[in-house]
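This is what each chain is made of:
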Amino acid sequence: MIERPTASDPSEKAAGPQRLLALLLAMAMFVLVVDTSLMNVSISSVVRDLGTTVSGVQAAIALEALVSAAFILIGGKVGDLIGRKRAYVLGLLGYAVGASAMAFAQSLTVIVVFWAVLGGIGASLLLPAMQSLIHGNFEGEAQKKVYALVGAAAAIAAAVGPLLGGFITTYLSWRVGFVLEVVVIGVVLSGIRLVHDVPYTGPRGVDLIGAVLSVLGMGGIVLGILVWQEGGEAVGALLVVGAIALAVLAYWLVRRKRRGEPALLDPDLFRSKIFKLGISGQMLQQIALGGTMIALPIYLQMVLEYNALQAGLSLAPLSLSMFAVALLAGKKASDRRPSGIIRWGFVLLTLGIVALIPIVPRAEFGWGLVIPLVIAGSGLGLLVSQLNNYTLAPIEEERISEAAGVNSAAGSFGLSFGLAFAGAIMLATLSLTFTAMAESSTVLPQAEQQQVAQVLEDDAEVMSNTQLEQLLAGEPPEFQDEIIRINTDARPLALQVALLIPLLAGLIGVFNSFRMMRIPEPTPKSPGEGPDGAEYAP
């Protein structure tokens, strides 16, 4: 007679809490990903409610990704020292404070300080800690399922984020979306007793100089672009500081390694060609995604004057095709070379952007973008399904957490760079084009031309025609009509130029993928095997 497990069976008792913990971890990842989607589709509403500028809001979005990238390596080390569970809680609390500040914000400064900076630091603590906790709280098949569940939560958030954010912003308020984030984080924290901390057994030394150099390096480059975007000074100095800091960081890490001293990260990771090509592919993918996701929402909301829901629906072909193709490729591509799939991903991404650029000045409604968005989204889906596995395959098990942190930092840096650079190029092009058109106008008198040029030089901004009409209410009708005409002609060109950033990233990615194809595919590493001793599958 077969005995059925009773209610007191220990395995049955353990299964319930573990399933709940897996669900809570997935909810935490969902909030992280949907947070930026909500900001992207709410740009026009945030600008209107706070009386700020489009460039200011997009700078805050880029800054949040930058802070996450700049501190993620440090965040992983902090989790090692204070405990992964504590770092996980602090990361969630940082996000909750940032979301709460968004719910009550009355100025852009509050968004920058609490949402971008504090929220970015929260993400840098949360992401490495979450990976370690999954690894330490689950075993075998259960661990694989939880990784898959958390990955699926991120993919679902990317797919439905624009739609969910657009619906909430249009019919309620963008502030309500951030209140709901706080509620979800509260639910996740309510189950913190289910999390068992994962002890760290490695060296506990702190590489303070390496940490400072990493922040100066990544921060200096993206911050320089953001300052340029806002018309600030010392742009060149910031970019030079960033480049020098990254070069010195590389030297510093190698020096620490040779001396046997604790380093921020092990430079031997970069001895693997596959790892180097993988993280560069990750960065290029995120540059393309960041550039696209800052240009298109601005186009939809400022040129077509869509509300947040309409903008979210128009972006749905990109996010939904990315989600669907990522799932399909994950299931069907097991017998294909990852590098070949990555190559097709960058090819489709590039073709989608190429098709998008000539449509921008001609499309009169968002669904006119659907075909190129599906093509680009399919390319992104192929990349999402393969890049992480490709990058981390040659890394031995005990170094996987550190390698994953570098991979995440590369992705976050790429996203912030794409957001900042595409936004800065767009505003610079808008300023130059608007000024040139104003100075060549036969309708505007010379004094009016100079005034328009001066205003744009001081504060270039993408404006809808409705906003511009309100600003020009006291001007003669013929002046109003001429400036509206110039605005109508200048904006699509600026947005086309901004899309050259994701296009360039896609083209470099295609070139990068051909280099990947020349390297044999790796097999997973055994513990203790170095980067140069990889075994390769034929």
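These figures come from a predicted structure and were not determined experimentally.

Q: Even after reading the chapter, I still don't get the pattern of salt bridges, so can you show me in this structure?
A: When charged atoms on two side chains of opposite charge get close, those side chains can pair. Enumeration according to the criterion identifies 3 salt bridges in this entry. Its salt-bridge partner being R48, residue D49 comes within 3.7 Å of it at the nearest N-O pair. By relative accessible area, which is 57% here, R48 ends up exposed. One salt bridge in this structure joins K257 and D268, with 3.5 Å as the shortest N-O distance. You can see K257 sitting in helix α9 (residues 235–259) and its partner D268 sitting in the loop between α9 and α10 (273–303), a full 11 residues away along the chain. In this structure, a network of salt bridges that share partners links the residues K257, D268 and R271.

Q: I tried to follow helix α3 (residues 54–82) on my own but got confused; where do I start?
A: For α3, built from 29 residues, the straight-helix expectation of 42 Å at 1.5 Å per residue is met to within 8% by its first-to-last C-alpha distance of 39 Å. Burial analysis of α3 places 24 of its 29 residues in the buried class, the great majority of the element. Directly after α3, the chain includes G83, whose backbone phi takes a positive value near 105°.

Q: It is not clear to me how the confidence of the model for the chain should be interpreted in this structure. Could you clarify?
A: A low pLDDT score tells you not to read the predicted coordinates there in detail. Overall, the predicted model of the chain reaches an average pLDDT of 78, with 83% of residues at or above 70. In the model, residues 1–13 has pLDDT below 50 throughout and makes 4 contacts with residues more than four positions away in sequence or in other chains. A low-confidence stretch, residues 526–538 (pLDDT under 50), is modelled with 28 contacts involving residues beyond four sequence positions or located in other chains.

Q: Looking at this model, I keep getting lost on the environment of G509. Mind explaining?
A: In this structure, G509 sits in helix α17 (residues 477–517). The buried category is assigned to G509, whose relative accessible area is 0%. Sequence-wise, G509 and S280 are 229 residues apart; in three dimensions their C-alpha atoms are separated by 8.3 Å. If we skip the residues at most four places from it in the chain, G509 touches L284 and F346.

Q: Which parts of the structure should I look at to understand the packing of helix α4 (residues 84–104) against helix α5 (residues 108–137)?
A: The geometry of a pair of packed helices is captured by two quantities: the angle between their axes and the separation between those axes. With their axes 7 Å apart at the nearest point, α4 and α5 run at an angle of 155° to one another. In this view, α4 runs roughly antiparallel relative to α5, as classed from their interaxial angle. Our pair here, α4 against α5, has a crossing hand that is left-handed. Grouping the amino acids of the contact of α4 with α5 by side-chain chemistry returns 19 nonpolar, 6 polar and 2 charged.

Conventions adopted
Residues numbered from 1 in each chain as written. Predicted model: local features only at pLDDT ≥ 70, side-chain atom pairs only at ≥ 80, totals over all residues. Heavy atoms only, no water. Salt bridge = Lys/Arg side-chain N within 4 Å of Asp/Glu carboxyl O. Buried < 20%, exposed > 50% of the residue type's maximum accessible area, 1.4 Å probe, protein only. Helix = DSSP H or I, 4+ residues; strand = E, 2+ residues; numbered from the N terminus. Expected span 1.5 Å × (residues − 1). pLDDT = per-residue confidence, 0-100. Contact = heavy atoms within 4.5 Å. Axes fitted to C-alpha atoms, helices over the stretch in contact; angles between N-to-C directions. Parallel < 35°, antiparallel > 145°, perpendicular 65-115°, else oblique. Left-handed = near helix turned anticlockwise from the far one by under 90°. Nonpolar A, V, L, I, M, F, W, Y, C, P; charged D, E, K, R; others polar.

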